[in-house]
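Here is what each chain is made of, one letter per residue.
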Amino acid sequence: MFGWFKKSPARQEPVRCEICGAGHVVRLDWGGGAFDAEEDRARTAALDHREDLGRGSLFACRICQEPWWVDAQRTAAHHVTAGKLALLRAWSEADLSLSPAALTLLKKIGPTPPHQYAVDNGDQQFPCAIITRSGERFDHAVLSLQADPPLDSHRPVRLAGEIAEVLESPDALPLAVRKASARSHELAMGYAPTLIDMPDGESFLLNGTQNFLVKRGRRAGEAKVSKSLVSRESRGEVVNAPDDEVLFVAAPPISARGS
Ligand SMILES: [Zn+2]
């Protein structure tokens with residue numbers, strides 16, 4: 001019964017549909033009022049309802065058959081890219097609530113804002129450590145409180161139902177440093193540095209919005225935003241985000257929903 005989304009096995013090219021926008025648009029405004037609402041109205045008109053999910057519904061373009069997820073309030077349609085349909089189904093059925101203890105800890109940690117050049121879709125992301133029910137431990141977990149499914153995460157995705165315990169990460173940067181990194185300017189292609197100072201006087205450069213500092217012999221929690229202005233000439237080793245970050249997806253607390 002779920003066969004409608006299956007693609008022809010012969011097709012190798014990435015989908016690009018001029019009718020619904022699949023392949024070049026990831027989100028369509030459903031209700032109007034957006035910057036290019038008229039264009040989006042024409043695109044959403046090509047989508048047919050196919051199936052209700054635990055959260056939201058699946059629609060498909062009647063021309064290219066690409067699946068789009070639409071929230072229960074029908075405010076937006078999100079393209080479900082290749083390979084993400086199973087994750088979407090698991091997310092839509094999962095218990096995405098967090099324990100009161102976890103929520104209290106997140107409040108203490110504070111959310112890392114999205115980068116100033118990125119779209120702010122209301123997600124709240126917190127660096128932390130997570131122990132799963134199966135006993136795995138992640139010291140570089142980013143716990144995200146978000147209303148929409150994680151369809152465009154560049155990190156591996158896990159769901160909140162797997163969480164046994166949320167702890168402070170030994171490698172999480174202080175909130176002030178994370179906020180500064182989210183305001184960083186791109187000084188060269190792909191290079192948006194934030195200069196930080198450690199207690200012994202050594203400086204490091206972060207790149208883009210950063211949640212963690214992994215550097216042997218250093219305690220991320222002791223990092224401070226440098227008073228020196230950062231520039232192309234700023235000296236210091238560039239320490240990028242660790243490549244083992246995992247996104248854990250939870251739902252916003254009830255009180256925050258719809259706000
Ligand atoms: Zn289409």
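All of these numbers come straight from a predicted model, not from anything done at the bench. (Residues numbered from 1 in each chain as written. Predicted model: local features only at pLDDT ≥ 70, side-chain atom pairs only at ≥ 80, totals over all residues.)

**Student:** Even after reading the chapter, I still don't get the overall build of the protein chain, so can you show me in this structure?
**Tutor:** The helix and strand tally for the protein chain stands at 4 helices and 14 strands. Summarising its shape, the C-alpha atoms of the protein chain cover approximately 60 × 40 × 40 Å along the three principal directions. Buried positions account for 29% of the 259 residues belonging to the protein chain. Contacts spanning at least 24 positions in sequence make up 66% of the contacts within the protein chain whose residues lie at least 6 apart. (Helix = DSSP H or I, 4+ residues; strand = E, 2+ residues; numbered from the N terminus. Buried ≥ 20, exposed ≤ 12 C-beta atoms within 10 Å, placed from the backbone. Contact = placed C-beta atoms within 7 Å.)

**Student:** In this structure, what is going on with the sheet that holds strand E3 (residues 57-61)? I would like to understand it.
**Tutor:** Strand order in this open sheet of 5 strands is E1-E5-E4-E3-E2, and the pairing throughout is antiparallel. Where the open sheet ends on each side, the last strands, each with one partner, are strand E1 (27-29) and strand E2 (47-52). Within the sheet, the average angular offset between the axes of one strand and its neighbour, ignoring direction, is 30°. When E3 meets strand E4 (residues 67-70), the two strands line up antiparallel, connected through 4 bridges. The residue of E4 that forms the bridge with serine 57 is valine 70. (Pairing = 2+ DSSP bridges. Axes fitted to C-alpha atoms, helices over the stretch in contact; angles between N-to-C directions.)

**Student:** I would appreciate a short explanation of the sheet that holds strand E13 (residues 237-238) in the present structure.
**Tutor:** Two strands in a sheet stick together by hydrogen bonds in their backbones, pointing the same way (parallel) or opposite ways (antiparallel). If you trace the 4 strands from one edge of the open sheet to the other, you get E12-E10-E11-E13, paired in mixed fashion. Because the sheet does not close on itself, it has two edges, and the strands there are strand E12 (224-225) and E13. Where strand E10 (residues 193-197) lies against strand E11 (residues 203-207), 5 bridges are found, and the strand directions are antiparallel. Counterpart to isoleucine 196 in the pairing with E11 is phenylalanine 204.

**Student:** What should I look at first to understand the environment of alanine 160 in this one?
**Tutor:** Within the element layout of this structure, alanine 160 appears in the loop between strand E8 (157-159) and strand E9 (163-167). Classification of alanine 160 as buried rests on a count of 22 C-beta atoms within 10 Å. Remark: the alpha-carbon pair of alanine 160 and serine 144, spanning 16 residues in sequence, is separated by 9.2 Å. Apart from the residues within four sequence positions on either side, alanine 160 is in contact with Leu96, Ser97, Leu98, Phe248, Val249 and Ala250.

**Student:** Would you mind going over the pairing of E11 with me for this structure?
**Tutor:** Counted along the chain from E10 to the antiparallel partner E11, the turn is 5 residues long, and its residue glycine 201 has a positive phi close to 95°. Bridge count for E11 against E13 is 2 bridges, and the pairing is parallel. Considered in E13, the bridge of phenylalanine 204 is made with glutamate 237.

**Student:** Teacher, can you tell me more about the nonpolar core here?
**Tutor:** Within soluble globular proteins, side chains that are nonpolar generally end up buried alongside one another. Core analysis: the biggest nonpolar cluster contains 49 residues, and Trp68, Ala77, Ile130, Leu143, Phe248 and Ala250 have the highest contact counts within it. When residues of this core are assigned to their parent elements, the largest contribution, 5 residues, is made by strand E7 (residues 137-145). Among all residues touching phenylalanine 248, those that are not within four sequence positions of it are Ile130, Ala141, Leu143, Ser144, Arg158, Ala160 and Ile163. (Core = buried A, V, L, I, M, F, W, Y, C linked by C-beta atoms within 7 Å.)

**Student:** Explain the confidence of the model for the protein chain to me, please; I cannot follow it from the model alone.
**Tutor:** For the protein chain, per-residue confidence averages 90 on the pLDDT scale, and 91% of positions sit at 70 or higher. The low-confidence segment residues 6-11, where pLDDT is below 50, has 0 contacts with residues more than four positions distant or belonging to other chains. (pLDDT = per-residue confidence, 0-100.)

**Student:** Teacher, can you tell me more about unusual backbone geometry here?
**Tutor:** Positive phi is not limited to glycine here, since glutamine 65 has a value of about 70°. With phi around 50°, arginine 74 is a residue other than glycine that occupies positive phi space.

**Student:** Please explain the environment of asparagine 207 as it appears in this structure.
**Tutor:** The residue asparagine 207 is located in strand E11 in this model. With 32 residues separating them along the chain, asparagine 207 and valine 239 place their C-alpha atoms 7.3 Å apart. When residues no more than four places from it in sequence are discounted, the contact partners of asparagine 207 are Tyr191, Ala192, Pro193, Val238 and Asn240.

**Student:** What is the right way to read the domain arrangement of the protein chain from this model?
**Tutor:** Accessible area lost when the parts come together is the quantity often used to give the size of an interface. Split by domain assignment, the protein chain resolves into domain 1 (10-93), domain 2 (100-170 + 244-253) and domain 3 (175-238). Its C-alpha centre places domain 2 at a distance of 22 Å from the equivalent point of domain 3. Counting residues at the interface gives 10 residues for domain 2 and 9 residues for domain 3. When the residues that make up the side of domain 2 that touches domain 3 are grouped by side-chain class, the tally is 4 nonpolar, 6 polar and no charged. (Domains from an automatic or database assignment. Nonpolar A, V, L, I, M, F, W, Y, C, P; charged D, E, K, R; others polar.)

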